[in-house]
Amino acid sequence: MAGRLDGRVAVVTGGCSGIGLATVKRFAEEGAQVVIGDLDDARGKEVVAGIAGLFVHCDVTDKEQVDALFKAAKDTYGSVDIAFNNAGISPPEDDSILDTDLDAWRKVQEVNLTSVYLCCKAALPYMLEQKRGSIINTASFVAVMGAATSQISYSASKGGVLSMSRELGVQFARDGVRVNALCPGPVNTPLLQELFAKDEDRAQRRLVHVPMGRFAEPEEIANAVLFLASDESSFITANTFLVDGGISGAYVTPL
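Note that the coordinates shown come from a computational prediction; the quantities given were computed from them, not determined experimentally. (Residues numbered from 1 in each chain as written. Predicted model: local features only at pLDDT ≥ 70, side-chain atom pairs only at ≥ 80, totals over all residues. Heavy atoms only, no water.)

S.K.: Explain the pairing of strand β2 (residues 33-38) residue by residue, including any values.
M.R.: For β2, the buried fraction is high: five of the six residues fall into the buried class. Regarding topology, helix α1 (residues 18-29) serves as the crossover connection from strand β1 (residues 9-13) to the parallel β2, and that connection is right-handed. In this fold, β2 hands off to helix α2 (residues 41-51), which returns the chain to strand β3 (residues 54-57); that crossover is right-handed. (Buried < 20%, exposed > 50% of the residue type's maximum accessible area, 1.4 Å probe, protein only. Helix = DSSP H or I, 4+ residues; strand = E, 2+ residues; numbered from the N terminus. Right-handed = clockwise from strand over helix to strand, strands pointing away.)

S.K.: Summarise the environment of Leu102; cite the residues concerned and give the values.
M.R.: Inspection of the secondary structure assignment puts Leu102 in helix α4 (residues 102-130). For Leu102, a relative accessible area of 49% puts it in the partly exposed group. For the pair Leu102 and Ser153, spaced 51 residues apart in sequence, the C-alpha separation works out to 9.7 Å.

S.K.: How would you explain α2 if you had to name every residue and give the values?
M.R.: Note: α-helices contain 3.6 residues per turn, so residues at a spacing of three or four share the same orientation. What α2 keeps buried is the set Gly44, Val47 and Val48. The buried residues of α2 occupy an angular sector of 90 degrees when the element is viewed end-on, so they sit on one face. Residues of α2 that are exposed and point more than 90 degrees away from the buried face comprise Ala42, Lys45, Ala49 and Gly50. Against α1, β2 and β3 lie the buried residues of α2. Trailing α2 by a residue or two, Ala52 shows a phi angle of about 60 degrees, which is positive. (Arc of directions from axis to C-beta. Contact = heavy atoms within 4.5 Å.)

S.K.: Tell me about the packing of aromatic side chains, residues and numbers included.
M.R.: All chains considered together, the criterion is met by one aromatic pair. On the numbers, 5.8 Å between centres and 35 degrees between planes, the contact of Phe227 with Phe241 is tilted. Pair noted here: Phe227 is in helix α8 (residues 218-229) and Phe241 is in strand β7 (residues 240-243), with a separation of 14 residues, a long-range link. (Phe/Tyr/Trp six-rings, centres within 6.5 Å; stacked < 30°, edge-to-face > 60°.)

S.K.: Describe in detail the side chain of Asn86, supporting the description with residues and values.
M.R.: Mapped onto the fold, Asn86 is located in the loop between β4 (82-85) and α4. Here Gly14 takes part through its backbone oxygen, which lies 3.4 Å from a polar atom of the side chain of Asn86. (Polar contact = N/O pair within 3.5 Å; in protein donor to acceptor, adjacent residues only side chain to side chain.)

S.K.: Can you tell me about the pattern of salt bridges, naming the residues and giving the values?
M.R.: In the structure shown here, the tally under the stated rule is ten salt bridges. The partner of Arg43 in a salt bridge is Glu46, with the nearest N and O atoms 3.1 Å apart. With Arg43 and Glu46 both in helix α2, this residue pair falls three residues apart, about one helical turn. Judged by its relative accessible area of 29%, Arg43 falls in the partly exposed class. Across the pair Lys63 and Asp67 runs a salt bridge, and its minimum N-O distance is 2.7 Å. Taken as a pair, Lys63 and Asp67 lie in helix α3 (residues 63-77) at a separation of four residues, close to a single helical turn. Assessed through its relative accessible area of 41%, Lys63 is described here as partly exposed. (Salt bridge = Lys/Arg side-chain N within 4 Å of Asp/Glu carboxyl O.)

S.K.: Talk me through the sheet that holds strand β5 (residues 133-138); I want residue IDs and the actual numbers.
M.R.: Taken together, seven strands build an open sheet; the order of strands is β3-β2-β1-β4-β5-β6-β7 and the sheet is parallel. The sheet terminates laterally at β3 and β7, the two strands that pair on one side only. Going from strand to strand, the sheet's axes swing by 20 degrees on average, the running direction of each strand aside. By the bridge criterion, four bridges tie β4 to β5 in an arrangement that is parallel. Among the inter-strand pairings, Asn85 is bridged to a residue of β5, identified as Asn137. Across the sheet, α4 touches β1, β4, β5 and β6 (177-184), and the angle it forms with β5 is around 175 degrees. (Pairing = 2+ DSSP bridges. Axes fitted to C-alpha atoms, helices over the stretch in contact; angles between N-to-C directions.)

S.K.: So, unusual backbone geometry: which residues are in play, and what are the values?
M.R.: The phi dihedral of Lys131 falls on the positive side, at around 65 degrees, and the residue is not glycine. By secondary structure assignment, the location of Lys131 is in the loop between α4 and β5. Unlike most non-glycine residues, Ala238 shows phi in positive territory, near 55 degrees. Its place among the elements puts Ala238 in the loop between α8 and β7.

What follows is the structure in structure tokens.
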């Protein structure tokens, strides 16, 4: 069924790579006008040239730039119907709490959690005025389970995204705005590849816990985002939407 997002305007942060890029392409295929917010100007212009969308340079930790991103979507296309707040980082200096310093902690919190707060704060007034909208915030399966191979600030930030999304979903449910937390399992993106290329043992230690025996592809996560953005999920809000290959439901995985 094509055209599930016909006439919709979608804002995607972190839309130049990984899950964000796959989602931008999927949204465009389904008829949405897509506005990308990202720091990668060269890549952003390439991407929008292929989908006839709009690229806006945006540091998602800067309130003025985030506000300008959503205003550009409204001014250019007339509405803000979907916000996929997806930008995030997972730097190597974010490790065990014993090894992660305060600067590393704060950097991850700013990009992964504060940016989602800023994006929701910017998107909601447009959606409340329209009395419709879907916000999808990228959390993670680590928001619902722990790991001995810790990335302490990343895990904490994703827990914050999950909790905030649930609360916003409840608060604005009767105003026509849905808010859900997307919780992917490990995804085969440049971010994960870079992390695991530096430590193959660490990669295998994670992979063994995935019942499907592999990491997700970005396109598989994009399909989940499309569902949450579309009217097919019209009775889903304040939800922890796990797309994790069964990892959060596993005790012992298949041999």
